Every structure is written in structure tokens, then in C-alpha cells.
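Analysis of the macromolecular model
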Amino acid sequence: MNTLLQATAETPHMTVGRVASAAGVGIDTIRFYEREGLLPEPERRLSGYRDYTLDAVARLRFIRRAKELGFTLPEIREQLALSADRARGVRGVKQRAAARLGEIDRRIRELKRVQRGLKHLIDTCPGHGALESCPILAALSHEETR
């Protein structure tokens, strides 16, 4: 077992640095998530230091993985709320994940359209001659009429 995880398991209350290391995020990220309401602000020790629990590590890992899958912070906030809803949580989580997948598919289609257009412009550009005859510059300068 990883020594960091062993130390964390033996120490249920941790400093922000230890939580950041265990969750794989930066300290500033933790403070940002606290300000955004994604991570509850921890209790403070008598010394004034924040006192985090293992729940904070699990929640931060959840947020990090959701961001890696392309979820926005408002969507992650919703996922966190749904994960606590025993009655409708799974259905809501699946619906949000399906919506995210649909958005990713739409973005991929758009990127492929842009890729085809740029490839066409590159293929038609001779790479020499007057700037006025460059199809890439012409396409970028052309104003669309709607």
C-alpha cells in the first residue's frame, strides 16, 4: 500500500497540503473549490489550521475525475448533489453523463468540420505568390452574409 495512503488512513484529520497530495490537486485548487461550494469548508484547529477529513480527499478525487471527463463546475455540483439523492440519484447521474456525451459528440462533429475546412484551404494554397491570392487569408477575411 502507498505510504501516503497509509499515513492518510491512520490520520483521519489532515492539513490542506496532505489532502492536496492525496487527492492529486493543488492547494489553490482546494481553496477554489471551497469558494465555489464544491468542497465544504473544513473545521479549524485551535491553531487556526484547516482540519480536513478523508471525505475531502474522496470528494476532490470525484471532482478531478469529473473534470477529466469534461464536466463543468456547475455540472459537477449537480452530480455531487445527485450522488447524495438515494431515490433519483442514479437516473440523474446517468442523464447528466448522457447529456455530456451528447455535447462531446457535437463538439467532435464541429471539430471535424473545421478540420475538413482547414485541410481544404491548406490543400488549395500554393504556399507562394502574392498575399492577395492566398486562399487561407481570403477565407479568414471573407465576411459571411446571413
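These notes cover the structure that comes with them.

Rules used in this analysis
Residues numbered from 1 in each chain as written. Predicted model: local features only at pLDDT ≥ 70, side-chain atom pairs only at ≥ 80, totals over all residues. Heavy atoms only, no water. Helix = DSSP H or I, 4+ residues; strand = E, 2+ residues; numbered from the N terminus. Buried < 20%, exposed > 50% of the residue type's maximum accessible area, 1.4 Å probe, protein only. Contact = heavy atoms within 4.5 Å. Areas by Shrake-Rupley, 256 points an atom, 1.4 Å probe, with all protein chains shown as cover. Axes fitted to C-alpha atoms, helices over the stretch in contact; angles between N-to-C directions. Parallel < 35°, antiparallel > 145°, perpendicular 65-115°, else oblique. Left-handed = near helix turned anticlockwise from the far one by under 90°. Core = buried A, V, L, I, M, F, W, Y, C linked by side-chain atoms within 4.5 Å. Nonpolar A, V, L, I, M, F, W, Y, C, P; charged D, E, K, R; others polar. Polar contact = N/O pair within 3.5 Å; in protein donor to acceptor, adjacent residues only side chain to side chain. Arc of directions from axis to C-beta.

1. Some points on the overall build of the protein
Counting secondary structure elements, the protein contains 7 helices and 2 strands. Relative to its 146 residues, the protein shows a buried fraction of 25%. The long-range share in the protein, meaning contacts at least 24 apart out of those at least 6 apart in sequence, stands at 44%. Surface exposure of the protein reaches about 10700 Å², of which carbon and sulfur atoms provide 56%.

2. A few points about the packing of helix α4 (residues 54–68) against helix α5 (residues 73–83)
Two elements in contact, α4 and α5, have axes separated by 10 Å at closest approach and are oriented at 130°. Classified by the angle their axes make, α4 and α5 are oblique. In this structure, the crossing between α4 and α5 has a hand that is right-handed. Two secondary-structure elements touch here, α4 through R59, F62, I63, A66 and K67 and α5 through L73, I76, Q79 and L80.

3. Some points on the nonpolar core
With 21 residues, the main nonpolar core has V19, I30, L60 and I76 as its most contacted residues. Looking at this core, the elements with two or more residues in it are α2 (16–23), α3 (27–35), α4 and α5. Among all residues touching I30, those that are not within four sequence positions of it are V16, V19, A20, V25, L39, Y52 and L60.

4. A closer look at the packing of α2 against α3
In the contact formed by α2 and α3, the axes pass within 9 Å of each other and the chain directions differ by 100°. When the axis of α2 is compared with that of α3, the two are roughly perpendicular. Contact residues: V16, G17, V19 and A20 in α2; I27, I30 and R31 in α3. Split by residue class, the contact of α2 with α3 holds 5 nonpolar, 1 polar and 1 charged.

5. Regarding the environment of E75
Within the fold, E75 resides in helix α5. Given the relative accessible area of 13%, E75 is considered buried. Sequence spacing of E75 and R100 is 25 residues, and the spatial spacing of their C-alpha atoms is 9.1 Å. If we ignore the near neighbours within four places in the chain, the residues touching E75 are G70, R96 and R100. One polar contact links the side chain of E75 to the main-chain amide nitrogen of T72, over a distance of 2.8 Å.

6. Observations concerning α3
Among all positions in α3, only I30, Y33 and E34 are buried. Take α3 and look down its axis: the buried residues cluster within an arc of 105°, on one side only. Turned more than 90 degrees away from the buried face of α3 sit D28 and R35, all of them exposed. Packing partners of the buried residues in α3 comprise α2, β2 (50–51), α4 and α5. Phi for G37, located one or two positions after α3, is positive at around 80°.

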